[in-house]
Amino acid sequence: MSLITKKRAQARLAYMLVLPAVLLIFGIYVLPIITVFGISFTDYSLVSNYFEFIGLGNYRQMLTDEAFGNALRNTLIYAGLFLPSSFFISLFLAIAIQERKQFRSILEVLYFLPVTSTLAAMALVWAALMDSNQGVINLWAGAIGLGPFNWLGSETMVLLSMALISLWSVIGFNMVLFLAGLTAIPANLYEAAAIDGADHPVDKFFRVTWPMLGPTSMFVAVTSSITAFKLFDTVAILTQGGPNRSSEVFLYLTFLEGFEYFNMGYSAALSLVFLGIIFLFALVQALFVDRNVQY
Amino acid sequence: MSSINLTLRSFAPRSVWSLIGTLFLFLGAWVMVFPFIWMVSSSLKPTDEVYDADFSIIPRTFKGFENYYEVLFNQPYLTYLMNSFLVCGGILIVQLITAVPAAYALAKLKFRGSSILFGTVIAALTIPINVTSIPIYVGLAKTGLLDTYLAMMLPFFISVFAIFLFRQFFRSFPDSVIDAARVDGFSEMEIILRLILPSAVPAIAAFSVFSFVAHWNDLYWPLIVVTSQDKMTATLSMMQYQSDFDTDYGRTFASATVVTAPMVIAFLFARRLFIRGITMTGVKG
Amino acid sequence: MARLTLKNIGKSFGETEVLTDISLDVEDGEFLSLVGQSGCGKSTLLRIIAGLEAPSRGEILLDGQAVTELAPKQRNIAMVFQDYALYPHMSVAENMAMPLLMSRLPMHARLPLVRHVAPAARHAKPGIVAQVETVAKQLRIDHLLARRPGQLSGGQRQRVALGRALVRNPGLFLMDEPLSNLDAKLRVEVRREISELHASSGLTFVYVTHDQTEAMTMSDRVALMQGGEVLQVAAPNTLYGAPVSVDVARFIGAPQINILPVQSRPDGLYLGDTFLHMKIACEVSDLQIGVRPEALSVRGGSGLAPQPLHSGAIILPFQKYMIEDLGPEILIHGCFEAEPEIEIRIRAQKSTDYGHARQLAASKRLSVAIDPTQLMVFNAQGLRLELPALMTRNMSEVAL
């Protein structure tokens with residue numbers, strides 16, 4: 001076979017192989033994204049067939065909509081609580097486990113268990129544990145003289161409670177990622193550092209561990225941020241946005257607008273804003289990683 | 001020195017700080033595990049014991065059999081579980097069938113449009129279902145396909161994540177082996193079926209576990225498209241407890257256990273696959 | 001400058017004993033190599049000297065001071081690792097500055113943001129920079145100071161590793177197989193540079209390698225290790241000419257020495273059934289003789305019975321399997337017909353023996369001469385005996 005026909009045959013095979021995927025990507029991603037853009041410029045509502053283009057109307061509405069500002073604020077507060085703790089707690093857990101290799105297996109399993117569990121189901125358990133009158137947490141807090149806390153019923157505490165539940169469900173995931181990153185650090189870097197004089201844990205961390213964890217840290221930070229913005233399950237099951245909209249986070253608002261109130265146009269606009277935020281995070285990762293990963 | 005002695009010695013702490021640290025680690029692990037223990041324990045109790053101020057893990061009155069019987073046979077939990085299995089299985093099969101060949105083509109074959117396709121895959125990676133849900137929902141509504149198994153699986157049929165993951169994996173397959181096979185007279189299809197696929201089994205296994213669990217636990221999309229009870233998935237069924245409609249708490253937590261147990265048990269058996277799947281995505285960045 | 005003393009060092013990992021009763025003295029300014037095959041314990045010993053591992057038994061003394069309990073950074077040593085262990089995220093300059101930073105700045109001045117403003121840091125910085133540049137110039141890597149290790153070649157990385165070690169002016173310089181990651185040509189070059197470095201700096205070097213050529217050419221003394229023990233510590237020539245045992249004789253010298261089992265009977269030595277016309281004054285009957293490949297010489301012809309020559313050598317018939325032409329010399333592989341089980345290697349210089357080229361090329365059977373003055377005698381357990389092998393001729397002994 002000549003070289004050209006071989007190339008063509010390869011290309012033909014390739015087209016055959018990617019065809020199903022391409023069709024699906026088109027139908028599930030490309031078309032819907034274009035449509036969402038379109039819908040966001042209308043006041044389309046599923047219930048009636050009549051709709052008209054309102055240009056940037058939905059976006060302008062966002063700026064004045066109290067619910068929008070509230071949802072954004074709630075999400076940011078929640079993220080502010082959730083992100084630093086999920087990052088650093090899992091990092092220190094991973095470092096601690098790395099030094100106790102004999103316990104690594106069992107600890108990995110125990111910490112990872114919440115990650116595989118169904119959050120919607122476990123949320124019910126947390127609701128019971130966090131019950132202000134009969135919940136086990138308040139019972140034990142009371143025994144050492146603290147509380148009682150109104151975990152899910154207080155406007156000021158509810159986001160904290162959400163953050164704690166999410167923390168519980170995600171720490172194992174981050175920890176496993178950090179563990180993998182730590183294991184990849186060559187042992188003799190630490191030995192060279194010890195000979196150079198850096199055998200104090202603080203020196204070891206800043207000179208070897210933290211720099212070498214760069215890509216892993218970035219990945220954990222970005223995925224955690226995206227997960228934080230995607231908060232939905234616990235809100236849907238436990239508070240439905242309450243009390244008094246104090247736990248109404250961005251994605252839940254988008255869901256309500258689209259599938260409870262059927263303001264599809266507005267919901268579409270909201271979901272595009274959501275996409276923009278996620279895109280930003282992914283961009284940050286792409287840029288940062290390229291600049292810092294060198295070996 | 002006997003080997004028992006040696007094993008025990010390896011568990012000894014190296015200093016007081018080390019011991020304290022280990023204790024904290026296990027304390028944390030207890031916090032991680034406690035909700036599960038509480039859940040299972042409550043599922044075995046009668047209602048009045050669940051919130052008893054005198055908390056104990058072992059139920060004083062064992063009502064386990066009744067609770068679980070109720071949940072599995074009087075409530076349609078078997079149906080819910082079956083729905084979850086069907087949906088997750090269906091999704092996985094289509095994902096593998098579409099992603100693996102596409103990933104191979106992107107990794108090893110040269111064709112026009114491969115960069116555009118890969119760029120699209122990367123872009124799609126950042127788009128979650130929440131963004132594309134509205135148009136897909138409307139489309140399904142207009143074609144009367146809401147509340148069907150197809151509707152529940154459709155948006156997940158293509159996993160760009162799988163394409164990305166498998167492409168990375170295939171890229172690391174040595175070109176020299178493929179060339180040797182070509183010289184030996186293998187056809188392209190034979191190379192894929194007899195060389196590439198068998199080598200990809202670990203990656204496929206890890207991804208399958210990852211995908212199955214993710215879709216088993218998914219709430220958002222089933223919440224949107226499912227309206228009739230006989231199509232509900234196990235996870236979706238948890239929504240009925242939004243309003244304390246079932247005042248038999250023991251039963252509530254029995255149903256929670258039934259929903260979450262399959263994946264947790266699968267995890268315990270397939271630990272390595274899970275963890276490998278996670279780290280494959282993360283460490284390479 | 002430092003004197004290193006090891007006293008009865010032993011190391012066990014669990015039930016496995018890796019090092020047994022090692023005692024060694026390294027003089028100030030000496031270059032000592034630890035040689036041996038993989039698994040002999042040389043790297044473990046080096047790590048114990050460095051302080052990266054603690055010995056199970058024994059003491060380590062540097063300049064008379066006991067350092068066995070001290071951490072690596074307190075021992076005034078520097079170490080170059082096999083894969084260099086350079087910090088990938090730091091530039092060459094930063095890599096080399098690390099040991100100075102660690103020793104000169106207090107903890108608070110080393111913390112991430114603080115170190116840019118702390119006065120202690122700012123005072124120390126110019127001194128550190130100057131020292132790094134001096135060493136970099138010495139090693140000819142001053143043009144690479146801003147680069148990262150990932151951007152350097154193997155040889156350049158090696159130099160950076162050396163620089164990082166030199167910059168701290170250590171008493172003891174430890175190297176763990178530093179040449180094994182380099183290609184052959186580079187290896188010869190760097191070997192020379194390390195030797196020059198040793199000569200000019202006068203530092204005490206302890207050098208681990210599995211390559212005996214490296215050890216023999218670079219060292220003042222060589223410690224040959226096997227199975228966790230030191231077989232012999234001596235100058236390279238002594239190791240070569242006066243090995244203490246068969247194991248030492250086998251390890252040193254390439255191609256490997258030829259060892260033949262012989263029996264000492266009342267009338268002389270026998271190789272199998274063949275009388276060798278040599279006699280060794282020894283009560284034991286089972287002996288081994290060692291003869292280096294260059295101590296065998298090829299005579300012409302074939303099928304001659306073993307016989308002494310006027311010049312005092314034994315000629316034995318030899319079966320040739322294979323010839324390797326190395327340029328200035330030829331390696332001949334074969335066996336003595338008297339003992340076909342044992343492979344013999346002969347090293348023939350082209351300028352002298354090559355006159356017999358045609359016989360060598362054509363015939364399978366040659367005659368090979370053994371010079372009894374170049375034999376080494378070992379007992380059946382492998383220890384070398386200081387006994388000469390004497391020629392016998394017609395039942396009378398003639399010493400040569």
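Conventions we followed
Residues numbered from 1 in each chain as written. Chains lettered and ligands numbered in written order. Predicted model: local features only at pLDDT ≥ 70, side-chain atom pairs only at ≥ 80, totals over all residues. Helix = DSSP H or I, 4+ residues; strand = E, 2+ residues; numbered from the N terminus. Buried ≥ 20, exposed ≤ 12 C-beta atoms within 10 Å, placed from the backbone. Contact = placed C-beta atoms within 7 Å. Rg over C-alpha atoms; globule rule 2.2 N^0.38 Å. Core = buried A, V, L, I, M, F, W, Y, C linked by C-beta atoms within 7 Å. Pairing = 2+ DSSP bridges. Axes fitted to C-alpha atoms, helices over the stretch in contact; angles between N-to-C directions. Parallel < 35°, antiparallel > 145°, perpendicular 65-115°, else oblique. Left-handed = near helix turned anticlockwise from the far one by under 90°. Nonpolar A, V, L, I, M, F, W, Y, C, P; charged D, E, K, R; others polar. pLDDT = per-residue confidence, 0-100.

Regarding the overall build of chain B
Across its full length, chain B holds 14 helices and 0 strands. Reading chain B from its N terminus to its C terminus gives the helix and strand order α-α-α-α-α-α-α-α-α-α-α-α-α-α. Within the span of chain B, comprising 285 residues, buried residues form 38% of the whole. Relative to all contacts within chain B whose residues are 6 or more apart in sequence, the contacts with residues 24 or more apart total 74%.

What to know about the overall build of chain A
Scanning chain A for helices and strands turns up 13 helices and 0 strands. Relative to the globule expectation of 19 Å for 295 residues, the C-alpha radius of gyration of chain A, 24 Å, shows a markedly less compact shape. Reported as C-alpha extents along the three principal axes, the dimensions of chain A are approximately 80 × 75 × 30 Å. A buried classification covers 44% of the 295 residues belonging to chain A. Contacts spanning at least 24 positions in sequence make up 67% of the contacts within chain A whose residues lie at least 6 apart.

Some remarks on the environment of C:L144
Residues and elements named next belong to chain C. Structurally, L144 can be placed in the loop between helix 4 (119-138) and helix 5 (154-166). Judged by the 22 C-beta atoms lying within 10 Å of it, L144 is buried. Each C-alpha atom, one on L144 and one on L271, is 62 Å from the other, the two residues being 127 residues apart in sequence. Those residues in contact with L144, other than ones at most four positions away along the chain, are V92, L152 and Q156.

Examining the nonpolar core
Counting residues in each nonpolar core, the largest one holds 147 residues, and the members touching the most others are A:A123, A:L124 and B:F166. Those residues in contact with A:A123 that sit more than four places away from it in its chain are A:I165, A:D233, A:T234, A:I237 and A:L238.

Some words on the pairing of strand 12 (residues 268-271) of chain C
Residues and elements named next belong to chain C. Where strand 11 (residues 258-265) meets strand 12, 3 bridges bridge the pair, whose relative direction is antiparallel. Counted as the bridge partner of Q263 is Y270 from strand 12. Where strand 12 folds back on strand 13 (residues 274-275), the antiparallel hairpin that results is connected by 2 residues, among which G272 adopts a positive phi of roughly 65°.

So, the packing of helix 2 (residues 92-104) of chain C against helix 4 of chain C
Residue and element names in this part refer to chain C. Between helix 2 and helix 4, whose axes approach to 9 Å, the crossing angle comes to 135°. As the angle between them shows, helix 2 and helix 4 are arranged oblique. Once helix 2 is placed against helix 4, the crossing between them reads as right-handed. Here A93, M96, A97, L100, L101 and R104 of helix 2 lie close against helix 4, whose contacting residues are A124, I128, Q131, V132, V135 and A136.

Details of the sheet that holds strand 22 (residues 376-379) of chain C
All names here are of chain C. Ordered in space as 13-12-11-15-22-23, the 6 strands form an open sheet in which the pairing is antiparallel. Each having just a single partner strand, strand 13 and strand 23 (384-385) make up the two edges of the open sheet. For strand 12 and strand 13, the ladder comprises 2 bridges, and the chain directions are antiparallel. Bridge pairing links L271 to T274 in strand 13.

Here's the deal with the sheet that holds strand 10 (residues 229-234) of chain C
All names here are of chain C. If you trace the 6 strands from one edge of the open sheet to the other, you get 6-7-8-3-9-10, paired in mixed fashion. The outermost strands of the open sheet, each flanked by one partner alone, are strand 6 (77-80) and strand 10. Put simply, the sheet's adjacent strands are angled 15° from each other on average, direction ignored. Strand direction decides the pairing type here: strand 6 and strand 7 (residues 172-176), joined by 4 bridges, are parallel. When the bridges of strand 7 are listed, V80 appears paired with M175.

Points about the interface of chain A and chain B
Counting from both sides, the interface comprises 78 residues of chain A and, opposite them, 72 residues of chain B. No other element matches helix 1 (residues 3-40) of chain A, which puts 19 residues into the side of chain A that touches chain B. Partitioning the side of chain A that touches chain B into residue classes produces 59 nonpolar, 15 polar and 4 charged.

A closer look at the pairing of strand 11 of chain C
Residues and elements named next belong to chain C. In strand 11, alternate side chains face the same way, and those of N258, L260, V262 and S264 are buried while those of I259, P261, Q263 and R265 on the opposite face are not. Pairing of strand 11 with strand 15 (residues 286-291), which is carried by 6 bridges, proceeds in the antiparallel orientation. Bridged to N258 within strand 15 is V291. Connecting strand 11 to the antiparallel partner strand 12 that follows it, the hairpin turn spans 2 residues.

Side note on the confidence of the model for chain B
Residue and element names in this part refer to chain B. Overall, the predicted model of chain B reaches an average pLDDT of 84, with 90% of residues at or above 70. Looking at the elements of chain B, mean pLDDT is at its lowest for helix 1 (residues 3-10), recorded as 56, and at its highest for helix 8 (residues 149-153), recorded as 93. Overall fold confidence (pTM) sits at 0.80, and the ipTM for the predicted complex is 0.85.

Focus on the packing of helix 5 (residues 77-108) of chain B against helix 11 (residues 188-216) of chain B
Residue and element names in this part refer to chain B. At their nearest, the axes of helix 5 and helix 11 sit 10 Å apart, and the two run at 140° to each other. For helix 5 against helix 11, the interelement crossing comes out right-handed. Of the residues in helix 11, those in contact with S84, V87, C88, I91, L92, Q95, L96 and Y104 of helix 5 are I192, I196, I204, S208, S211, F212, H215 and W216. Counted by class, the contact of helix 5 with helix 11 contains 11 nonpolar, 5 polar and no charged residues.

Focus: unusual backbone geometry
Residue C:P255 is bonded to the preceding C:A254 through a cis peptide linkage, with omega at -5°. Mapping C:P255 onto the fold places it in the loop between helix 9 (246-251) and strand 11. If you check the backbone angles, B:D147 has positive phi at about 65° while not being a glycine. Structurally, the position occupied by B:D147 is in the loop between helix 7 (129-142) and helix 8. Looking at B:D147, the number of C-beta atoms within 10 Å reads 15, which means it is partly exposed. Even without glycine at this site, C:A85 takes up a positive phi of about 50°.

Observations concerning the environment of B:F157
Take B:F157: it is sitting in the loop between helix 8 and helix 9 (160-171). Taking the C-alpha atoms as reference points, B:F157 and B:P59, 98 residues apart in sequence, are found 44 Å from one another. The contact partners of B:F157, leaving out residues within four places of it in the chain, are A:L24, A:I28, B:I91, B:V94, B:Q95 and B:T98.

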